[in-house]
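Coordinate inspection notes
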Amino acid sequence: MAGQRLAVVRRAGTEQRPILRLSGVESREQAEALRGQELTVPAALAPALGEGEWWAHELEGCAVHDGERTVGTVKAMIELPSCEALEVQRPEGGQPLLVPMVRAAVRSVDPAAKRVEVDLAFLGLDEPKPGKEQA
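What comes next concerns the included structure.

**Quick look at the pairing of strand β2 (residues 18–22)**
One ladder, built from five bridges, connects strand β1 (residues 8–13) with β2; its direction is antiparallel. By the bridge assignment for β2, Arg10 is matched with Arg21. Here β1 hands over to β2 after four residues, the two strands then running antiparallel side by side.

**As for the pairing of strand β6 (residues 97–100)**
Side chains Leu97 and Val99 project from β6 onto a buried face, and the interleaved Leu98 and Pro100 project onto a face without burial. The pairing of strand β5 (residues 84–89) with β6 spans four bridges and is antiparallel. Across the sheet, the residue bridging to Val88 is Leu97, located in β6.

**Describing the sheet that holds strand β7 (residues 106–110)**
Strand order in this open sheet of six strands is β6-β5-β4-β3-β8-β7, and the pairing throughout is mixed. Sheet topology places β6 and β7 at the edges, where each strand pairs with a single neighbour. Between one strand and the next, the sheet's axes are offset by a mean angle of 35 degrees, whatever the strand orientation. As judged from the three bridges shared by strand β3 (residues 63–66) and strand β8 (residues 115–118), these two strands associate in the parallel manner. Looking at β8, one finds that Ala63 is bridged to Arg115.

**Re the environment of Leu97**
Assignment of secondary structure puts Leu97 in strand β6. Residue classification places Leu97 among the buried residues on the basis of a relative accessible area of 12%. When the C-alpha positions of Leu97 and Leu86 are compared, they lie 7.9 Å apart, and in sequence the two are eleven residues distant. The contact partners of Leu97, leaving out residues within four places of it in the chain, are Val71, Leu86, Glu87, Val88, Arg90, Leu120 and Leu125.

**Some remarks on the pattern of salt bridges**
Applying the stated criterion to the full structure yields seven salt bridges. We note a salt bridge from Glu32 to Arg35, for which the minimum N-O separation is 2.9 Å. Relative accessible area serves as the criterion here: at 39%, Glu32 is assigned to the partly exposed category. Within this structure, Asp66, Arg107 and Asp119 form a network of salt bridges that share partners.

**Considering unusual backbone geometry**
The general pattern is negative phi for most residues beyond glycine and trans for most peptide bonds. Here the phi dihedral of Lys114 falls at roughly 55 degrees; this positive angle occurs in a residue that is not glycine. If you trace the backbone, Lys114 turns up in the loop between β7 and β8. Of the residues examined, Lys114 reaches a relative accessible area of 34% and is grouped as partly exposed.

Reading the values: the criteria
- Residues numbered from 1 in each chain as written.
- Predicted model: local features only at pLDDT ≥ 70, side-chain atom pairs only at ≥ 80, totals over all residues.
- Heavy atoms only, no water.
- Pairing = 2+ DSSP bridges.
- Helix = DSSP H or I, 4+ residues; strand = E, 2+ residues; numbered from the N terminus.
- Buried < 20%, exposed > 50% of the residue type's maximum accessible area, 1.4 Å probe, protein only.
- Axes fitted to C-alpha atoms, helices over the stretch in contact; angles between N-to-C directions.
- Contact = heavy atoms within 4.5 Å.
- Salt bridge = Lys/Arg side-chain N within 4 Å of Asp/Glu carboxyl O.

Shown next as structure tokens:
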């Protein structure tokens with residue numbers, strides 16, 4: 001059944017652990033055969049998003065900047081207990097930077113331009129500008 005188009009005929013469970021009944025899947029064995037398969041929805045059938053909402057796949061690969069400063073590239077959107085966050089791979093490598101998807105941290109998102117503007121000062125990562133003295 002993998003690779004087939006199946007309709008969701010019933011949904012139960014929670015947001016974190018949904019339980020779906022799919023058309024044509026009548027036995028536990030058929031359901032088990034689908035374990036681990038990717039579940040997708042054609043973009044044309046996806047619900048419309050509100051202002052300031054984006055699909056994770058729209059943000060993956062976006063360049064992340066703080067003004068003219070390059071911060072990195074969005075690797076993924078992850079769900080944290082308090083909010084969603086962008087996992088940003090830094091150009092120098094190392095551990096990814098997690099940017100919470102809150103107004104104070106994210107100034108703007110432009111999926112068409114593949115660009116996300118963040119506020120490194122809010123994230124506690126603002127480094128002194130060259131030539132500026134610390135007080």
